[in-house]
Amino acid sequence: RDTAKYEPFMKTLDAPIFSDPSHPNGTTLVAKKLKVLAKDKLGMIIQEEGKPHSPVEDAVAALELYKKHRGKWEKAVEWKMERTMAITQRAQ
């Protein structure tokens, strides 16, 4: 799963990115950086200033985030899939 696409891990912008009435102020979601998520959700320090970037460290942090939030995350994915199927079936 992609931490950048899981809505509970996203932040809202005060102003919408684009002018669209379906996205009023405060409802435009953007991804948080993995570095911020790891610190806030896991207490892990990754991507430290002055140290080489470690893709292994990033992968471990992403996996730990998923494992910690797996139950709710999978329910959200299941709900989205069911909703998409219902919409596509109505369109046929």
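The notes below deal with the structure included here. None of the values given here were measured: they were computed from a predicted structure. (Residues numbered from 1 in each chain as written. Predicted model: local features only at pLDDT ≥ 70, side-chain atom pairs only at ≥ 80, totals over all residues. Heavy atoms only, no water.)

## So, the side chain of threonine 3
Move 1: Among the structural elements, threonine 3 can be located in the segment before strand S1 (10-13).
Move 2: Looking at threonine 3, the relative accessible area reads 13%, which means it is buried.
Move 3: Excluding residues that lie within four positions of it along the chain, threonine 3 makes contacts with Phe9, Leu34, Leu37, Ala62, Leu65 and Trp73. (Helix = DSSP H or I, 4+ residues; strand = E, 2+ residues; numbered from the N terminus. Buried < 20%, exposed > 50% of the residue type's maximum accessible area, 1.4 Å probe, protein only. Contact = heavy atoms within 4.5 Å.)

## A short note on the nonpolar core
Move 1: Counting residues in each nonpolar core, the largest one holds eleven residues, listed as Tyr6, Phe9, Leu34, Leu37, Ala38, Ile46, Ala61, Leu65, Tyr66, Trp73 and Val77.
Move 2: Among the elements of the structure, helix H1 (34-42) and helix H2 (55-91) are those that each provide at least two residues to this core.
Move 3: The element best represented in this core is H2, accounting for five residues. (Core = buried A, V, L, I, M, F, W, Y, C linked by side-chain atoms within 4.5 Å.)

## Things to note about the pattern of salt bridges
Move 1: Considering all chains together, one arrives at four salt bridges under this definition.
Move 2: Taking the shortest distance from any N to any O, the salt bridge between lysine 80 and glutamate 7 comes out at 3.3 Å. Residue lysine 80 is found in helix H2, and its partner glutamate 7 is found in the segment before S1; the two are separated by 73 residues along the sequence.
Move 3: On the basis of relative accessibility, which here comes to 39%, the residue lysine 80 falls in the partly exposed class.
Move 4: On the accessibility criterion, glutamate 7 (42% relative accessible area) is partly exposed. (Salt bridge = Lys/Arg side-chain N within 4 Å of Asp/Glu carboxyl O.)

## Some words on the packing of H1 against H2
Move 1: Running from N to C, H1 and H2 cross one another at 45°; their axes reach a closest spacing of 10 Å. Taken as axis vectors, H1 and H2 run oblique relative to one another. Here the hand of the crossing between H1 and H2 comes out left-handed. Every residue of H2 that contacts H1 at Leu34, Leu37, Ala38, Lys41 and Leu42 is listed here: Asp58, Ala61, Ala62, Glu64, Leu65, Lys68 and His69. (Axes fitted to C-alpha atoms, helices over the stretch in contact; angles between N-to-C directions. Parallel < 35°, antiparallel > 145°, perpendicular 65-115°, else oblique. Left-handed = near helix turned anticlockwise from the far one by under 90°.)

None of the figures reported here should be taken as evidence of function without further support.
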